[in-house]
Amino acid sequence: MKFNKQIIMLLALAGSLDAFSYDFSKGGIYYDVVSEANLTVEVSSNGNNTYRGNLSIKGTVDYDNKSYTVVGIGKSAFSGSENLTSVKLPSTVTYIADRGFFRCKSLAEVEIPQYVTSLGESAFDGCTSLASLTLPEGVASAGLRAFADCTALKSAILPQSLKSVPNSMFYGCTALESVVIPEGVGSIGNQTFQGCKSLTQVVFPSSVASIGESAFSGCVALRAVSLPEGLKTVSPNLFYQCSGLEDVSIPSTVTELGQQAFTGCTSLKSIAIPQGVTEIPGLMFSSCESLAEVTLGDVETIGQMAFYGCKSLDEIALPETLKTIGVLAFSKTSIKALTLPSSLEKIDARAFEDCNNIASIVVEPSTEALVFGWSDSYAGGEVRFDRCPLVSIVLGRDISYREGSTPTSYSPFRGPCDTLKDVVVGDDVTDAALLCLNDKWHLERVVFGTGLASVPAMNKCDDLKTIELKSSMPQEASEFTDAQYASVMLYVPAGSRQAYVEAPVWGKFAHIVEKDMSLAPSLDADGVSVDSANGSLRVSGADGQPVAVYSATTGQGVYMTGAYDGASISLASGVYIVKVADKVIKVTL
């Protein structure tokens, strides 16, 4: 047993020596024979590289009465030669192997010969004094981290013969300002330019079909990027923390987006998602503080925290294809108006948390209930709008909680809302309990559709002025206060007044007026009224006052004047918020 251990130790020592073995030296340079038949050698390491100053390697070397041709730089040949300042390589060299010049920290100049076809892994990794680089035509492959952490490198020109830019090739090249990627390059690897914080521009040839994960992560000086047509995937972390990036063009060929691709791009102002993309993955645009314009294409899923912290995002058009909104997806945005499309199936926990500017919510009609999700992973893990300055709610479908249950204690609309003035409940709604209307003390107007069997209690709504009931058959209702019976205007469908006069609860109202429910309603607020007909609005009681009209869908202003003159305002069909001085009215055209 003792003999065997000694043999093992000797073999290990022999292997260690062999790693730094060389066949001969000449002029202080070490060589390994590559082929005796062809009389070729490569520059080798002696295991204790101390090369310094300027070094010139000849194309041939004589040894043992033979003339050898130098064809390559072997593995770790000059690795760690910290005082080597320049190297002149002969034209006979055809390859530079792994770690050939690894951490030659003083190497400022090297000319790569024209017949070199390959560079090994970490060939020039850590050459912190190397300032420029031109790879000759003929270089067809380069290894991982070939020029990584070359912190003085300012420019790089790649040859057309290079078909793939490898992983981490220029990782950490903090001074790199420009790089020319030629036509013919088909792929750019993972982390290729990560941390190149001086890189201001990159132009992709049409031949690039794939770009790896984190390829440009941390390129804080990058201003604009146009991704190449033909690209199918925007990889995860592709432009992570590119804080200077203002403009990105994603081609129509892209069908997949990776997580965190644009996280922390704080200068990004707008983004258009191609039609073929169905999912915005988690954290995709998180903390993009300047992002103000988003086009979502045909997206079906918006992932967790996808737009978290996009504080300049004050409007969003959710597509009719959308099915799911993830946890915290739009948290801490500045959205003013929210329209939830009929295709939407579920909103996950805290999706709109701290959205403190939402003034109107429209839930578009559907026969399927909209599920508001719950997460036990987050404190207070439900969807809530009670902290929003809501002025109006249009509920076009039933809503449910916790995958089907409807406990009012978990309602997204629970709690008081001092700003809410107007609520419309559509015909597809069968239960309005989750609106928690009795908490809305300043509610002024409410419209109930035909689908309700009973109307929720509103006896605490002290500012209630108008109730519109679209059902010809009186629905069940809880008692109101004597003040409400005396002052609230009750509008009922044409021909149904007598039925309401005779109905329990409803018959106690002093003002029951028939109305053609097929016409758009006339809305009023403290002496100001809005009438709508034939594609236009007219505001009464607002002459000489400032009037503004906003789309309830996008929050965008469509009409503004400092002194209204009573003229009709022509608008397309839709839902609008009309603001007269400090009064706000919602109207549907």
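Residues numbered from 1 in each chain as written. Predicted model: local features only at pLDDT ≥ 70, side-chain atom pairs only at ≥ 80, totals over all residues. Heavy atoms only, no water.

**As for the packing of aromatic side chains**
Part 1: This structure, assessed with the given rule, holds 27 aromatic pairs.
Part 2: Their ring planes at 25° and their centres at 5.4 Å tell us that F24 and Y31 sit as a pair that is stacked.
Part 3: Here F24 falls in the buried class, since its relative accessible area comes to 3%.
Part 4: On the basis of relative accessibility, which here comes to 4%, the residue Y31 falls in the buried class.
Part 5: Where F480 meets Y485, the ring centres are 6.1 Å apart and the plane angle is 65°; that geometry is what we call edge-to-face. The same class applies to F480 and to Y485, which are both buried. (Phe/Tyr/Trp six-rings, centres within 6.5 Å; stacked < 30°, edge-to-face > 60°. Buried < 20%, exposed > 50% of the residue type's maximum accessible area, 1.4 Å probe, protein only.)

**Topic: the nonpolar core**
Part 1: Core analysis: the largest hydrophobic core is formed by 152 residues, its most contacted members being F147, F170, F216, F262, F285, F307 and I467.
Part 2: The contact partners of F307, leaving out residues within four places of it in the chain, are I280, F285, L291, V294, L296, I302, L313, A329, F330, S331 and T333.
Part 3: Core analysis: the second largest hydrophobic core is formed by 15 residues, V528, V530, I569 and V587 among them. (Core = buried A, V, L, I, M, F, W, Y, C linked by side-chain atoms within 4.5 Å. Contact = heavy atoms within 4.5 Å.)

**A short note on the pattern of salt bridges**
Part 1: A full pass over the atoms with the stated rule returns 15 salt bridges.
Part 2: As a salt-bridge pair, D125 and R145 come within 2.8 Å of each other at their nearest N and O atoms. Of this pair, D125 sits in the loop between β10 (118–119) and β11 (132–134) while R145 sits in the loop between β12 (141–142) and β13 (155–157), and the two are 20 residues apart along the sequence.
Part 3: You can call D125 buried: its relative accessible area is 5%.
Part 4: Among the ionic pairs, E479 bridges to K508, the shortest N-O distance being 3.1 Å. Taken together, the residues span a long stretch of sequence, with E479 in the loop between β37 (476–477) and α2 (482–487) and K508 in the loop between α3 (497–502) and β39 (511–515) at a distance of 29 residues.
Part 5: Assessed through its relative accessible area of 42%, E479 is described here as partly exposed. (Salt bridge = Lys/Arg side-chain N within 4 Å of Asp/Glu carboxyl O. Helix = DSSP H or I, 4+ residues; strand = E, 2+ residues; numbered from the N terminus.)

**A word on the environment of L452**
Part 1: Along the chain, L452 turns up in the loop between β34 (445–448) and β35 (454–455).
Part 2: Judged by its relative accessible area of 4%, L452 falls in the buried class.
Part 3: The spacing of L452 and V116 is 336 residues in sequence and 80 Å in space, taken between C-alpha atoms.
Part 4: Here L452 is in contact with V425, V429, T430, D431, A432 and Q475, once residues within four sequence places are set aside.

**Comments concerning the confidence of the model for the protein**
Part 1: Within the protein, residue pLDDT values average 89, and 91% of them lie at 70 or more.
Part 2: The low-confidence segment residues 1–19 (pLDDT under 50) makes zero contacts with residues lying over four places distant or belonging to another chain. (pLDDT = per-residue confidence, 0-100.)

**A closer look at the sheet that holds strand β32 (residues 399–401)**
Part 1: Here we have six strands laid out as an open sheet, ordered β23-β25-β26-β28-β30-β32, and parallel in their pairing. The sheet is open, and its two edges are formed by β23 (279–280) and β32, each paired on a single side.
Part 2: Pairing of strand β30 (residues 370–372) with β32 involves three bridges; the strand directions are parallel. Of the residues in β32, the one forming a bridge with F372 is Y401. (Pairing = 2+ DSSP bridges.)

**So, empty space enclosed by the protein**
Left-over empty space is what a probe sized like a water molecule reveals as it rolls over the atoms.
Part 1: Summed over all chains, the structure comprises one cavity of 30 Å³ or more.
Part 2: Of the pockets and cavities examined, the largest cavity occupies roughly 30 Å³.
Part 3: Lining the largest cavity, in full, are F385, D386, L390, I393, F413, C417, L420 and K440.
Part 4: Partitioning the lining of the largest cavity into residue classes produces six nonpolar, no polar and two charged. (1 Å grid on protein atoms, 1.4 Å probe; cavity = no way out; pocket = protein on both sides within 12 Å on 5 of 7 lines; lining within 4 Å. Points joined across faces, edges and corners; volume = space filled by probe spheres on them. Nonpolar A, V, L, I, M, F, W, Y, C, P; charged D, E, K, R; others polar.)

**Quick word on the sheet that holds β13**
Part 1: Taken together, three strands build an open sheet; the order of strands is β11-β13-β15 and the sheet is parallel. Looking at the sheet topology across the chains shown, the edges are occupied by β11 and β15 (178–180). Averaged over all neighbouring strand pairs, the angle between strand axes comes to 0°, with direction disregarded.
Part 2: Of the strand pairs in this sheet, β11 and β13 are connected by three bridges, and their pairing is parallel. Of the residues in β13, the one forming a bridge with L133 is A156. (Axes fitted to C-alpha atoms, helices over the stretch in contact; angles between N-to-C directions.)

**A closer look at the environment of S206**
Part 1: Mapping S206 onto the fold places it in the loop between β16 (187–188) and β17 (210–211).
Part 2: Given a relative accessible area of 54%, S206 falls into the exposed group.
Part 3: For the pair S206 and P182, spaced 24 residues apart in sequence, the C-alpha separation works out to 9.4 Å.
Part 4: At 3.0 Å, the side chain of S206 forms a polar contact with the side chain of E183. (Polar contact = N/O pair within 3.5 Å; in protein donor to acceptor, adjacent residues only side chain to side chain.)

**With respect to the pairing of strand β6 (residues 66–73)**
Part 1: Strand direction decides the pairing type here: strand β3 (residues 40–44) and β6, joined by four bridges, are parallel. When the bridges of β6 are listed, T40 appears paired with T69.
Part 2: Pairing analysis gives four bridges linking strand β5 (residues 60–63) to β6, with the strands arranged antiparallel. Paired with D62 across the two strands is S67, which belongs to β6.
Part 3: Linking β5 to β6, which pair antiparallel, is a turn of two residues; within it D64 sits at a positive phi near 55°.
Part 4: Summarising the sheet, β6 and strand β8 (residues 95–96) pair through two bridges and their orientation is parallel. Pairing of I73 across the sheet is with I96, part of β8.

**Some words on the side chain of Q475**
Part 1: Position of Q475 relative to the elements: it lies in the loop between β36 (466–469) and β37.
Part 2: Given the relative accessible area of 6%, Q475 is considered buried.
Part 3: Within the structure, the side chain of Q475 is placed 3.0 Å from the backbone oxygen of L452, a separation counted as a polar contact.
Part 4: Each residue touching Q475, except ones within four places of it in the same chain, is listed here: G449, T450, L452, A453, S454, V455, L469, Y500 and W506.

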